[in-house]
Structures are given as C-alpha cells and as structure tokens.
Amino acid sequence: MSDNFLNSLNDSQKDAAIHIDGSLLILAGAGSGKTKTITTRLAYLISIGIDPSTILTLTFTNKAASEMRERAFRMIDPSMINTPPLLCTFHKFGLLFLKFHMSELGRKNSFIIIDNDDKKRILKSIDKEITTSLLVSEISKYKNTLITPSEAKSTAQLKLYQQIADIYEKYEAYLLKNNLVDFDDLLLLPYMILEKNEELAKETSQRYQYVMVDEYQDTNELQYKLLRKLCSTHNNICVVGDDDQSIYGWRGATIKNILNFSEHFEDTKVVKLEENYRSTNTILEHANQLIEHNRDRLGKKLIGTRKKGDSVRVYESHDENEETRKIIDDIKKLIASGESAKDIAILFRVNALSRSLEEGFNKAGISYRLIGGMKFYERAEIKDLIAYFRILTNTTDNFSLKRIINKPKRGIGKTTIDKLDAKSVELKKPIFTILEEYNADELSAIVGKKNSRTLKVFMASVMDLREALEESKMRFLDSFEDTFDYRASYDNVPDGFDRQANIDEFYGYIRDYFIQHPHLSLEDFLNEIALDSENSELTDQAVSMMSIHSSKGLEYKHLFIIGLEEGFFPITGDGSDIEEERRLGYVGITRAMDTLTMSFVHSRFYKGKRATLLKSRFLSEAGLIKGSLQLEKHSNYKKGDLVQHKIFGMGRVQKATKAGKDYKLTINFGGQRRDILSSFVEKI
DNA sequence: TCCTAGGCGCTTTTT
DNA sequence: GCGCCTAGGA
C-alpha cells in the first residue's frame, strides 16, 4: 500500500500521523487540520500492517464519527481490511460493551436506553419539589465522578443535597427495576465492570491496542478513567484536542484532562498544530486577541496561512429588529453576488435569539435551517411509537407501558395507572405481567370493572402484535397501525398534519431499516436510534442558524455572530464561567473563513421583557471596537421603516434621502407627515 | 377522566 | 413569549 496520503500533511501533522507506540497528545488549534491528521494516522497504522480491528477511535458525536470513517476509508484500500477498525462515539462503544458484558453486573442485556426527556419524567415522578434540571445535572455529575448514591448520601452536608442524594438512590433503583440505562450509564457501567473484573479489563485492553480520542478537551472524569482502563496494558493512546475550545464544562467536561494529559499518561509526546488553513489572517488575529485574555490554557497561537482578508464588521443596532434587517440585507447582497446560502451562517449564544431572525427570514423569503432545537426522536408522537415498540420487545418496561397505556385515549387515567404501579411494587412484578396473568375479575379488583375490560382488550392486541413480531417484522408493522390506530388519533387535531407526517416518516424509516438489515431485530433498531440524533443534511440551499455550541467543528465562508451583549454573550452571573464564555467566543470567531460580522443591540426583548443592554466585553477584548474599525453608528433608512420619535411617537418612513451622516426623512405619524432628520428618531 | 385557562420560570446541549 | 404544569369544573 502506498503512503502517498502523508504527502499532503505539513511537518507537524505528519509527525503526529506517523507516531506509533506510546501516548501522544495532539494540540490542534481551530482549523489546523485536526480531523485530517487523526484520520491519516488511522490510515497510516493500517498501511503498515497493524490489524485494523485492534484500533479503536472514539468521538463525541455521530457526525464526527461518520465524517472520520468516510475520510479514513478514502485513504485505504478496503480490500486489505478484514475487520474494519472500530470508530464510534463513546456511548456507542459503551453500548456494544454492555451488550456483551452486562451479565457481569447481574443484569440482562435486554436493557433499554432512556434519553434525557425520559430521565426527567422519571425524576419528576420521584420528586416534584426540586427543579428537575438541577436533579438531572447533579445526578449526572455524581455518575460522571463515580459517586454512588450511598456515598452521595453520606457526604451531603446541605439538606438540599441530602434530598438530591435520596432521589438519586430512588432513581437508580427505578432504572435497575425496569432494566433501563441512561446515557451516563453507557459509560459508567462498562467502567464498573472493568473495575470489578480485572481479567476482563486486561483482555479488553489487549483487544484494543491503539486507542484514539477526538475532542479530548470535552472528556469528563469518567471517560478519562475508562480510557485508562482501556490503555492499561499498552499506553498507546493518542488524543486530539484544543484546550481553547473546551465549551462543555457545564456538563461535566473537565479541561484538566487535556491540561494534565502528560502527567496522566507516561512518556507523552506532544505535537502542536498551530497553522490555520481556514480563516483569513484578520479573523485569526481577533480570535487570538480574545483568547489571550484567558489564563487557564496551555498557550498556543493560531498562525494564519491565508491572506489578510476583509476587516471584521461590527454592527450596532437599536434592537433585534434592526439587527435582523441589517443581516438580512447583507445576506441578500451575498446571495445576489453569487454566494451560496449554505456557506452562510448566523451564530448566537442563546437559542432564544433565533426567533426574531426566523421572523425576518420568513418575511424576506430566505430559506434557513435552524440547527438544534427539537430533534426528530424527541417529538412526542415518535417517542410514543418508540414506547409502543419497546413494550412489545421488553415487557418489563413499566416506563414505556405507562407512556402509551392511554394513547390513543382509551379512558385509563392517572388513578388507574397509580393503582397498577402500586400493585407492581407490591408484587415485584412488571405491570405488563400483572395485566397478562390476572384474569378480568382479578384485575377488576384492582382497577374496577370498566378499566379491567379496557386493559384486557389492550393486552389482547399487544399479545397479538408480539406474535406477529415473532413471525415477521414486516407483518408486524402492517398490523401495528391497524390495531392501535395511533396515526389516526391525530386526525383533525391542531398540528396533527405535521405529526402524521413525522409518524409516516418514522414508519418509512423503520421499514427501510428492516429491509437493509433483515437479520436485525426491533430491539436492535431501538437501541440504534437511542444514540442517534439525526442532524438534517448539510446540503440544503439554506442559511444556517445555530448556537455556538452546535457550530463546533463546522466552518462557513460568511459568518454572523449576533447578541454580543453583556448578559447574553458572555452570559454572566451565577454558575457562569467567564473563561468558558470566552472560549465560546473563540470557537464562534474561528468558524468564519472569509468574512465575519459581529453584532450587538441596545435593547432586546427577552423572557417577556424588553431589556437595555451593554455591548459585550468580548468586542473590545478581541480588538474590534477601538477606533480602528468602522463602527456602524448610523443606520440606513429606507421607505417603509418604522421609527419612533420622542414627541410624535411611532411613524413610518415615506421618503429617505441621504444628508451627510444622517438621512432626511419624510415620516407619516398617524396621518400627519413631517420632515425629520434621522438622528432624532430611532428605528423599531 | 378530560379539558382549558392561568401561573411560573427559564443558559448553553451530545449521547 | 412560550411551553409546561396544575388546579378546578364539566
């Protein structure tokens, strides 16, 4: 096999790519060819004869995993590979491991993965007093730092934390009883197994001789410990990351992992990739200036390889409507000049800022794509179907059963569910089993005659479907809708049309899955999609808008960052970390390739109130608002603009002519026309 | 059991 | 401003 693919690397990239044994830390700045380097290394290891099946590459997102897979496989001759290297997310790896070794913990491997929404519902059902989001994050924190419920209980000082620890214990018991596994468990349980069974730990480490980790700055303590286990017999660990791009501290990622990598793993070789191939030098300069204000960093500077480029524009607007208008004007011009909409993106720190943008885009008739927000599998109708399928494959899943027992409505309310729940606890049997084993009379004694009959009819349908499923997956799918009329239950309800479209898509998707993977079961399908977060295709001819978090790893020729105001970006106050906010600023700026526009407003409507705002400190820290740059002080006015005057109130511009820095405006104030200079009015 | 009107409280988000 | 939850009446 030829190793020509090494030729397109620069010296540092090559140095990293051909490193074979021992620990390697690749500090890769934004746009420095990080993915290229790590995929080349993967291809290189294979090209020199290392068994691909002994190479494990871990990523955080499915998107990163598939991108790497594609790029690595382009470099290698597939005919030379018997078993492909394992390249997947941390969570997927955990899932695969648990499928094989769950029995080590005395649990069945027919467990079901719950998502955050399920987790919230469970926690809500355990406790209604403490904010669910606090419970979610605290319990996650416990799990990611390997603190058991009893440890949490014994160390809790405050009453609040004793309560939380208590809820944590109940939550864990609930998961165990229903054989559920949350996202944290996908990492925690494998670790516990490896900790318990030394022989298996050794074996597993031997099996994966070369371990690579992408976005290492985002790993948490648990992931680090898991990696230690995996590398315990060989120390062949190669991680890529950028301490300046660590933006997930709020969910337990610890920047210490990358800062202390050389102490954690022996004889570490460090390679820095500082040459940036993405952005103009001007953009990079501002990015460097901003990040230099952080103290907790390894210290690295992006070195440009491109030309100087356009200066970064700063937009000052009265409010979000004016801000939107300016950006839309610019985007129209860009598109008119031949730029493609997919090369343009708007970023914000807080998702709520997308609303005025969306309105503006709709009005202007520009197509856009809002990334993030509600995911396909998070939609209520899809989750209902998944719950149906889960209960059909796993009868111990009380949780899913309760979700769909009254969907579509069949008259089973909260009281009935509570009675069944109590009985389930009393008998230590899943609700499903009770419904199945009890005859109608026995069931009547628990829930009454009418409910008993309803539930028996329901169970008969479920049992029929279970049979159909055993016979043929396709036949099962055919009879599913006939049996429960789930889709039909959205006839003639508000937004029922959209929901039915989603349901159709889901039915279509699952059919397709079974055609493509005839040997896989419904259960396999359910596990597969539990880790799937379906990101719509990037090929759409639309302007993208998303949070800065979502933008990591992406790049756009023309970029707008809005909401540069204190309180919005950086978010200030309790629990916020200014250095992490700054890293976010850095991530945002470095997404831009050719042009960058940063925008702030004086006032914004947020959480039901209009707030007066100060411009973000990041603008001056990045060297963007000290004289040298043209600050857009004067808005453009045109016919049709709405304006506000101190005395005359609101009016609409009928005519606008430029007069020096200002505009001479003819304004219609409720029928009364007046000529007024633009400096005396404000745009709204 | 179901429906609807009003109160409340909110970062960031992948798996 | 919007979505989620709860209380109270049908």
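Residues numbered from 1 in each chain as written. Chains lettered and ligands numbered in written order. Predicted model: local features only at pLDDT ≥ 70, side-chain atom pairs only at ≥ 80, totals over all residues. Heavy atoms only, no water.

### Regarding the overall build of chain A
Put simply, the rule reads: In this description a helix means any DSSP run of H or I spanning at least four residues, a strand means any run of E spanning at least two, and both kinds are numbered starting from the N terminus. Whether a residue is buried, partly exposed or exposed follows from its accessible area with a 1.4 Å probe, protein chains only, as a fraction of its type maximum: under 20%, in between, or over 50%, in that order. By definition in these notes, contact holds between two residues if any of their heavy atoms fall within 4.5 Å. Areas reported here follow the Shrake-Rupley algorithm with a probe of radius 1.4 Å; residue values treat only the protein chains shown as occluding. A residue counts as positive if it is Lys or Arg and as negative if it is Asp or Glu; His and the chain ends are not included. The location of each charge is read from NZ of Lys, CZ of Arg, CG of Asp or CD of Glu.
Along its length, chain A carries 28 helices and 23 strands. Buried positions account for 52% of the 684 residues belonging to chain A. Partitioning the intrachain contacts of chain A with sequence separation of at least 6 by distance along the chain shows that 74% fall at a separation of at least 24. In the structure as shown, chain A presents an accessible area of about 31800 Å², 49% of it carried by carbon and sulfur atoms. Taking the average place of the 99 positive charges on the side chains of chain A and the average place of its 100 negative ones, the gap between the two points comes to 6 Å.

### Describing the UniProt feature "binding site: ATP" (unreviewed entry) in chain A
For the record, the criterion: UniProt positions are given in the numbering used here, feature names are shortened, and annotations may be inferred rather than shown by experiment.
Taken from the UniProt record, the annotation "binding site: ATP" (unreviewed entry) applies to Ala 28, Gly 29, Ala 30, Gly 31, Ser 32, Gly 33, Lys 34 and Thr 35. Residue placement: Gly 29 occurs in the loop between β1 (24-28) and α2 (34-47). According to the relative accessible area criterion, Gly 29 is buried, its value standing at 4%. Not counting residues up to four positions away in its chain, the partners in contact with Gly 29 are Asp 242, Gln 245, Leu 273, Lys 300 and Leu 302. As for its position among the elements, Ser 32 is in the loop between β1 and α2. On the basis of relative accessibility, which here comes to 1%, the residue Ser 32 falls in the buried class. Once residues lying within four places of it in the same chain are set aside, the contact partners of Ser 32 are Gln 13, Leu 273, Glu 275 and Tyr 277.

### A word on the protein's contact with DNA strand C
Applicable threshold: By convention in this text, a residue qualifies as near a molecule or strand provided that one of its non-hydrogen atoms is within 4 Å of it. As used in this structure description, the phrase polar contact means that two N or O atoms lie within 3.5 Å; if the pair is within protein, one of them must be able to donate a hydrogen and the other to accept it, and residues adjacent in sequence are counted only when both atoms belong to side chains. Residue polarity is assigned by list, with Asp, Glu, Lys and Arg as charged and Ala, Val, Leu, Ile, Met, Phe, Trp, Tyr, Cys and Pro as nonpolar; anything else, Gly included, falls into the polar class.
Taken together, Lys 128, Arg 355, Phe 605, Lys 607 and Gly 608 form the complete shell of residues around DNA strand C. Of all atoms in DNA strand C that approach within 4 Å of the protein, 50% are sugar or phosphate atoms. Side-chain polar atom of Arg 355 to a sugar or linking oxygen of DNA strand C: 3.3 Å apart, as the coordinates give it. Considered class by class, the residues forming the surface near DNA strand C number one nonpolar, one polar and three charged.

### Details of the packing of aromatic side chains
The way to describe two aromatic rings as a pair is by their centre distance and the angle between their planes. Basically, it comes down to this: Between the rings of Phe, Tyr and Trp (Trp by its six-membered ring), a pair exists once the centres lie within 6.5 Å; its type follows the angle of the planes, with under 30 degrees stacked, over 60 edge-to-face, and the other angles tilted. Think of it as a cone above the ring: NZ of Lys or CZ of Arg counts as a charge over the ring if it is within 6 Å of the ring centre and within 35 degrees of the ring normal.
What the rule picks out here adds up to 26 aromatic pairs. Centre to centre, the rings of Phe 361 and Tyr 368 are 5.8 Å apart; their planes meet at 75°, and the pair counts as edge-to-face. Residue class for Tyr 368 comes out partly exposed when judged on its relative accessible area of 22%. Relative to Tyr 486, the ring of Tyr 388 lies with its centre 6.3 Å away and its plane at 70°, an arrangement referred to as edge-to-face. Here Tyr 388, found in helix α17 (residues 380-393), pairs with Tyr 486, found in the loop between α23 (473-484) and α24 (496-516); they are 98 residues apart in sequence, far enough to count as distant. We classify Tyr 388 as buried; its relative accessible area is 1%. Over the ring of Phe 111 we find Lys 99; its NZ or CZ atom is 4.7 Å from the centre of that ring.

### Some remarks on helix α11 (residues 221-230)
Restricting attention to buried positions, one finds in α11 the residues Leu 222, Gln 223, Tyr 224, Leu 226, Leu 227 and Leu 230. Measuring from the side-chain oxygen of the N-cap residue of α11 to the backbone nitrogen of Leu 222 gives 3.1 Å; that N-cap residue is Asn 220.

### Observations regarding the pairing of strand β16 (residues 592-606)
The line we're drawing: Paired strands, as defined in this entry, are two strands with at least two bridges between them according to DSSP.
Counting buried residues along β16, 11 of its 15 residues qualify, which places the element largely inside the surrounding structure. The sheet contact formed by strand β11 (residues 313-319) and β16 spans six bridges and is parallel. In the strand pairing of β16, Glu 316 is matched with Phe 600. Connecting β16 to the antiparallel partner strand β17 (residues 609-612) that follows it, the hairpin turn spans two residues, and Lys 607 within it adopts a positive phi of roughly 50°.

### A word on unusual backbone geometry
Trans peptide bonds make up most of the peptide bonds, and negative phi angles are found at most residues other than glycine. At the junction of Phe 569 and Pro 570, the peptide bond is cis and its omega measures out at 5° in the coordinates. If you check the backbone angles, Asn 179 has positive phi at about 50° while not being a glycine. Overall, Asn 179 belongs to the buried group, its relative accessible area being 10%. Positive phi values are uncommon outside glycine, yet Asp 267 reaches one of about 45°. Look at Asp 267 and you get exposed, because its relative accessible area is 72%.

### Some points on the pairing of strand β14 (residues 543-547)
On any regular strand, side chains alternate: one points to one face of the sheet, the next to the other face. Across the five residues of β14, five count as buried, placing the element largely inside the fold. Here β14 shows two buried faces, one formed by Val 543, Met 545 and Ser 547 and the other by Ser 544 and Met 546. Two elements, strand β12 (residues 344-348) and β14, share four bridges in a ladder whose sense is parallel. Bridge assignment links Leu 347 to a residue of β14, and that residue is Met 546.

### What about the environment of Ile 255?
Here Ile 255 shows up in the loop between β7 (237-241) and α12 (256-259). A C-alpha to C-alpha distance of 35 Å links Ile 255 and Phe 525, two positions 270 residues apart in sequence. Beyond its immediate chain neighbours, meaning those up to four positions away, Ile 255 contacts Asp 243, Ser 246, Asp 296 and Arg 583.

### Observations concerning the side chain of His 19
Examined against the element boundaries, His 19 turns out to sit in the loop between α1 (11-17) and β1. Ignoring anything within four residues of it in the chain, the contact list for His 19 reads Leu 24, Arg 41, Leu 45 and Lys 269.

### Section: the environment of Ile 303
Locating Ile 303 in the fold gives a position in strand β10 (residues 303-304). In contact with Ile 303, other than residues within four places in its own chain, are Glu 274, Glu 275, Asn 276 and Leu 284.

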